[in-house]
Amino acid sequence: MQANGAGGGQQQPPPQGPAGPELGCLGAQNGEASSGSAAGEQLAHANGLLPSASAANSSGGGSSPGGLSVNNGVPAAGGPGSAAAELGGGGGSALKKKKRLSQSDEDVIRLIGQHLHGLGLNQTVDLLMQESGCRLEHPSATKFRNHVMEGEWDKAENDLNELKPLVHSPHAIVRMKFLLLQQKYLEYLEDGKVLEALQVLRCELTPLKYNTERIHVLSGYLMCSHAEDLRAKAEWEGKGTASRSKLLDKLQTYLPPSVMLPPRRLQNLLRQAVELQRDRCLYHNTKLDNSLDSVSLLIDHVCSRGLRSVCGAPYMLQCLGIMRKQFPCYTQQILTEHCNEVWFCKFSNDGTKLATGSKDTTVIIWQVDPDTHQLKLLKTLEGHAYGVSYIAWSPDDNYLVACGPDDCSELWLWNVQTGELRTKMSQSHEDSLTSVAWNPDGKRFVTGGQRGQFYQCDLDGNLLDSWEGVRVQCLWCLSDGKTVLASDTHQRIRGYNFEDLTDRNIVQEDHPIMSFTISKNGRLALLNVATQGVHLWDLQDRVLVRKYQGVTQGFYTIHSCFGGHNEDFIASGSEDHKVYIWHKRSELPIAELTGHTRTVNCVSWNPQIPSMMASASDDGTVRIWGPAPFIDNQDIEEECSSMDS
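Residues numbered from 1 in each chain as written. Predicted model: local features only at pLDDT ≥ 70, side-chain atom pairs only at ≥ 80, totals over all residues. Heavy atoms only, no water.

1. Looking at the overall build of the protein
- Helix and strand counts for the protein come out as 15 helices and 28 strands.
- Burial analysis of the protein (645 residues in total) assigns 49% to the buried set.
- Of the roughly 30,000 Å² of accessible surface on the protein, a fraction of 49% belongs to carbon and sulfur atoms. (Helix = DSSP H or I, 4+ residues; strand = E, 2+ residues; numbered from the N terminus. Buried < 20%, exposed > 50% of the residue type's maximum accessible area, 1.4 Å probe, protein only. Areas by Shrake-Rupley, 256 points an atom, 1.4 Å probe, with all protein chains shown as cover.)

Right, here's the structure in full:
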């Protein structure tokens, strides 16, 4: 245990016949049944309804396909609706009124229709809309869609006048017209019609007095020598279905969904549902896949394929015990080569090695077997007189920096491949170099301690920059390559910019921050706070997101970590000899790992093997955690059978 001085694109619809309406733009209102016609008779028969013998003589029926007339929500006499009423209505000539659809039913029908239309099943969409009395989108929207996809820009502009009363924002029409004219301009340029393009730019786009900065950019495309150059500079797919579909997606954002549905709305809703189920799955630890093809939509999400086929959705909560067996909750290996307290452990960025630092003055580098996931001793790095309390791998894993405890003024830079010491650095005997962080370029690192300064150095230990008056507890370099985060003795984390020499407050706690780590995307910070435990902060919004319960944290330095395929999990050591694991969105631990006999100082989750984790303890051991051994479908079936009984 290390004491610390800090605290004491949609498809183009087929062209409509001259007598028929646009796709999905039916004249029938919601809840109204269509009267009989030849087309109506065929559609009714195709939908499983028997046509009436008098369908051909139905009164008031229209003859154009899809243009079926209605009569106050009641099927016209002699139409297919009459036949259906006679079949299921209990006899007599009384006609049943069709039940009016609810708003949610209408929405579902439209979503299904949009999806089927995207698959090219247009006749099926026609039937669905006619039988339900719904319409896929507003007639003006359908006309607008067709003109955009066909590149008929003048007609599309005229359509905007029809859509204007349906748009909520008064500025939306101007923005939509700008997008249309931009596409028109680019297509003219690609076709080599420079004069026409120039006419659009000067006489149509510029008078809009909208987004003049973008107009300047567009004017620069006149200098493009060929079509490939234009597409590259404009980051544009070129004239055709792809770019026009993308244009439609942008245009739709200005239209209410009652007029035109957002693109791929059903797929997006299903994807959100799958993601929500994954988020609620406590032990979900597989690579994030946003494709709906990778999951079954017929049952609720369960992590294991075996569980999905054997247990099914009703058993999801009961099966958590089985899924836990596939999580790194079980001791796979105990490393006992250190002969004193182990203060730190860290997997390399490629996940192939583990470095452990100890009070016994050594760093041991372990090799991870890619098949068995067993670790074997690779190298022992000796000579750290004060012990090793912190280790940092270079971004390319070629170098490793080791630091000591509070009274250590030295830092060691090792070549991992050769095991040779490249640099032993000390700025002053009165210094304290207890923490280190690599710059993303791998050519520099920052180091410091609690004596009031931190430094930026190169690989030879040469001093590049320094920052005075900061008692550093822990350091981290952000991906921008110029900002260093440092926790200090004022219970805060500040950002220091070495380029413009500015600093700003980012996190403020009420108790000493013993250590912290940053997520891969740089958005979240995980803090071990004295007497408080583990806290999660959002660095962008500068707010405390969550306080995790269970861990025992005093004034000793304990290092926690993010882990799992998508960094959805958090793990931390504890002074009660346990390792705690939480799902990032849950304050209560999902696992408490026992086995160590003294304080667990550090945990590290393998960044490439999400089922592997290491923990270092004052008991002198390093434990490697993994899934339960020998779990297979037979185990799952037996456990599920016991649930049934």
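What follows picks up the thread again.
2. A word on helix α5 (residues 139–149)
- With 9 of 11 residues buried, α5 is to be regarded as a mostly interior element.
- Tucked into the core, α5 has its buried residues touching α6 (153–163), α7 (172–190) and α11 (241–252).
- Two residues or fewer after α5 comes G151, characterised by a positive phi angle close to 70°. (Contact = heavy atoms within 4.5 Å.)

3. Things to note about the packing of α6 against α7
- Contact geometry for α6 and α7: axes closest at 10 Å, N-to-C directions at 180°. It follows that α6 is roughly antiparallel to α7 by the angle criterion. Residue-level inspection shows W153, D154, A156, E157 and L160 of α6 in contact with α7, the latter providing I173, M176, K177, L180, L181, Q183, K184 and E187.
- Split into classes, the residues belonging to the contact of α6 with α7 amount to 7 nonpolar, 1 polar and 5 charged. (Axes fitted to C-alpha atoms, helices over the stretch in contact; angles between N-to-C directions. Parallel < 35°, antiparallel > 145°, perpendicular 65-115°, else oblique. Nonpolar A, V, L, I, M, F, W, Y, C, P; charged D, E, K, R; others polar.)

4. Let's talk about the packing of α7 against helix α9 (residues 212–220)
- Contact geometry of α7 with α9 gives a least axis separation of 11 Å together with a crossing angle of 10°. With respect to α9, the axis of α7 lies roughly parallel. Between α7 and α9, the contacting residues are F178, Q182, Y185 and L186 on the first element and R214, I215, L218 and S219 on the second.
- Here the contact of α7 with α9 is built from residues that sort into 5 nonpolar, 2 polar and 1 charged.

5. A word on the UniProt feature "repeat: WD" (unreviewed entry) in the protein
- Residues annotated in UniProt with the feature "repeat: WD" (unreviewed entry) correspond here to residues 335–369, 381–412 and 593–625.
- A distance of 10 Å separates the end C-alpha atoms of residues 381–412, which is 0% helix and 38% strand.
- Structurally, residues 593–625 is divided into 0% helix and 48% strand, and its ends, taken at the C-alpha atoms, are 9 Å apart. (UniProt positions renumbered as here; feature names shortened; annotations may be inferred.)

6. As for the confidence of the model for the protein
- Mean pLDDT for the protein: 81, with 77% of residues reaching 70 or above.
- When the criterion is pLDDT under 50, residues 6–96 qualifies, and its contacts beyond four places in sequence or with other chains add up to 137 contacts.
- Note on residues 633–645: pLDDT under 50 across the span, and 20 contacts to partners over four residues away in sequence or across chains. (pLDDT = per-residue confidence, 0-100.)

7. Overview of the sheet that holds strand β4 (residues 363–368)
- The strand order across the open sheet built from 4 strands is β2-β3-β4-β5, with neighbouring strands paired in antiparallel fashion. Both outer strands of the open sheet, β2 (342–347) and β5 (375–381), are each paired with one neighbouring strand and no more. Ignoring which end each strand starts from, the neighbouring axes of this sheet average 25° apart.
- Pairing of strand β3 (residues 353–358) with β4 involves 5 bridges; the strand directions are antiparallel. Note that in β4 the partner of A355 across the bridge is I365. (Pairing = 2+ DSSP bridges.)

8. Quick look at the side chain of Q473
- The residue Q473 is located in strand β14 (residues 472–477) in this model.
- Under the relative-accessibility criterion, Q473 is labelled buried at 9%.
- A polar contact is formed between the side chain of Q473 and the backbone oxygen of M514, at a distance of 3.0 Å. (Polar contact = N/O pair within 3.5 Å; in protein donor to acceptor, adjacent residues only side chain to side chain.)

9. A closer look at the pattern of salt bridges
- Scanning the model with the defined rule gives 22 salt bridges in all.
- In this structure, E187 and R244 form a salt bridge, with 2.9 Å as the shortest nitrogen-oxygen distance. A residue pair is termed long-range when its members are at least 10 positions apart, and E187 in helix α7 and R244 in helix α11 qualify at 57 residues.
- On the basis of relative accessible area, E187 is assigned to the buried category, the value being 4%.
- When the shortest N-O distance is used, the salt bridge between R231 and E190 registers 2.5 Å. Remark: E190 occurs in helix α7 and R231 occurs in helix α10 (residues 227–234); sequence separation between them is 41 residues.
- The network of salt bridges with common partners includes D154, K184 and E204. (Salt bridge = Lys/Arg side-chain N within 4 Å of Asp/Glu carboxyl O.)

10. Overview of the nonpolar core
- Grouped together as the largest cluster of nonpolar side chains are 45 residues, with contacts concentrated most on L354 and L400.
- Judged by nonpolar contacts, the second largest core, of 20 residues, contains A141, W153, A156 and L251. (Core = buried A, V, L, I, M, F, W, Y, C linked by side-chain atoms within 4.5 Å.)

11. So, the sheet that holds strand β13 (residues 463–468)
- Spatially, the 4 strands line up as an open sheet ordered β10-β11-β12-β13, and their pairing is antiparallel. Lying at the two open borders of the sheet, with one neighbouring strand each, are β10 (435–438) and β13. Between one strand axis and the next, the sheet turns by 20° as a mean value, whatever way the strands run.
- One ladder, built from 4 bridges, connects β10 with strand β11 (residues 444–448); its direction is antiparallel. Looking at the pairing, V436 lines up with T447 of β11.

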